[in-house]
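Architecture at a glance
Below, each chain spelled out in residue letters.
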Amino acid sequence: MFSNSPVIILVQPQLAENIGMTARAMMNCGLYDLRLVSPRENHLSPKAVSASSGADKILEKAEVYTSTEAAIADLQKIYATTARRRDMIKQVATADFAAEQITSAAANGTRCGILFGPERTGLHNDDVCLADSIIEIPLNPEHCSLNLSQAVLLVGYEWFKRQIQSPASQMVTNKTTLADKQKVLQFLKHFEDKLDNCGNFRICEKRERMVINLRNIFTRNELTEQELNTLYGIINYLDNK
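All values derive from a computational prediction rather than experimental measurement. (Residues numbered from 1 in each chain as written. Predicted model: local features only at pLDDT ≥ 70, side-chain atom pairs only at ≥ 80, totals over all residues. Heavy atoms only, no water.)

This part is about the sheet that holds strand β7 (residues 133–135). Pairing within the open sheet is parallel, and its seven strands lie in the order β3-β2-β1-β6-β4-β7-β5. The sheet is open, and its two borders are formed by β3 (63–65) and β5 (91–93), each paired with just one other strand. Strand after strand, the sheet turns through a mean of 25° between neighbouring axes, direction not considered. As judged from the three bridges shared by β5 and β7, these two strands associate in the parallel manner. In the sheet register, Q91 faces β7, and the bridge partner there is S133. Those strands touched by helix α7 (residues 148–164) are β1 (7–11), β4 (77–81), β6 (112–116) and β7, and its axis lies near 150° from that of β6. (Pairing = 2+ DSSP bridges. Helix = DSSP H or I, 4+ residues; strand = E, 2+ residues; numbered from the N terminus. Axes fitted to C-alpha atoms, helices over the stretch in contact; angles between N-to-C directions. Contact = heavy atoms within 4.5 Å.)

Our next topic: the packing of helix α8 (residues 181–197) against helix α9 (residues 204–219). It is at 11 Å that the axes of α8 and α9 come closest, and there the two elements cross at 140°. In terms of their interaxial angle, α8 and α9 are classed as oblique. For α8 against α9, the interelement crossing comes out right-handed. In this structure, α8 uses K181, V184, L185, F187, L188, F191, E192, L195 and D196 to contact α9, whose residues at the interface are R207, V211, L214, R215, F218 and T219. Residue composition of the contact of α8 with α9, grouped by class: nine nonpolar, one polar and five charged. (Parallel < 35°, antiparallel > 145°, perpendicular 65-115°, else oblique. Left-handed = near helix turned anticlockwise from the far one by under 90°. Nonpolar A, V, L, I, M, F, W, Y, C, P; charged D, E, K, R; others polar.)

Let us now look at the pattern of salt bridges. All told, the structure shown has 12 salt bridges when counted by the stated rule. Between R35 and E63 there is a salt bridge whose closest N-O contact spans 3.9 Å. On the criterion of sequence distance, the pair formed by R35 in strand β2 (residues 34–37) and E63 in strand β3 is long-range, its members being 28 residues apart. Residue classification places R35 among the buried residues on the basis of a relative accessible area of 3%. (Salt bridge = Lys/Arg side-chain N within 4 Å of Asp/Glu carboxyl O. Buried < 20%, exposed > 50% of the residue type's maximum accessible area, 1.4 Å probe, protein only.)

Glancing now at the packing of aromatic side chains. Any two aromatic rings considered together are summarised by their centre-to-centre distance and by the angle between their planes. Throughout the structure, instances matching the rule amount to four aromatic pairs. Between F187 and Y232 the ring centres are 5.3 Å apart and the planes differ by 85°, which places this aromatic pair in the edge-to-face class. Remark: Y232 occurs in helix α10 (residues 225–240) and F187 occurs in helix α8; sequence separation between them is 45 residues. Taking relative accessible area as the criterion, F187 reaches 0% and is therefore assigned buried. Taking the centre distance of 6.0 Å and the plane angle of 80° together, the rings of F191 and F218 count as edge-to-face. Here F191 is found in helix α8, whereas its partner F218 is found in helix α9, with 27 residues between them in sequence. Using a relative accessible area of 15% as the deciding quantity, one classes F218 as buried. Three or more aromatic residues joined by ring pairs make a cluster, and in this case those are F187, F191, F218 and Y232. (Phe/Tyr/Trp six-rings, centres within 6.5 Å; stacked < 30°, edge-to-face > 60°.)

What follows covers the pairing of β1. Most of β1 sits out of view: five of its five residues are buried. Here β1 shows a buried face lined by V7, I9 and V11 and a second buried face lined by I8 and L10. As judged from the four bridges shared by β1 and β6, these two strands associate in the parallel manner. Along β6, the bridge assignment pairs L10 with F116. With four bridges joining them, β1 and β2 adopt parallel strand pairing.

Here it is in structure tokens:
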């Protein structure tokens, strides 16, 4: 889906189900290159395929290696994920910052890989020392343990966000469109006339403030044409009553 995406490398994963759930998390984030270092269970077993929830094509093309060194041999930049600070001189980055670095490196043709350790112990120092940088995910100090697939999903999502450049927020109007200001102001004039007719603005000194408050209620929301039509219908129904 994306060119030069990072390789996900699971070092000595223990359970087939966790490998399957990792494949699922990878596909969620547009990551398709999975490598396994000495897995304890078969990554193509029915348990793994079932846990992948349709991401079995990642399992089918996954490559198995006997050592971490062999799994990273053709890559140029390696990140190691760990929840524990190591007694090493390494750059420690958040998943967010690492994703930015990986995206930038990939644009220059650099092949990157991300190491994830066994479920029970995490990566050994022998694996961490092979990495250029460490990815640390800041979590509640009272409980910072993550399932293998959760860790892959968190790191993968930070990378995926930079590939799709999705807007932080957007108004989804479906089959209608946002009403232009002229239509909104026409509706407000109609509403205010109805309120005048029923005596709502009986205290003249307060009328201006009440009208401003009323207009603020409607103008600070992005009204659609469908919503305006609904409001017209309600007001006209109440007026007829």
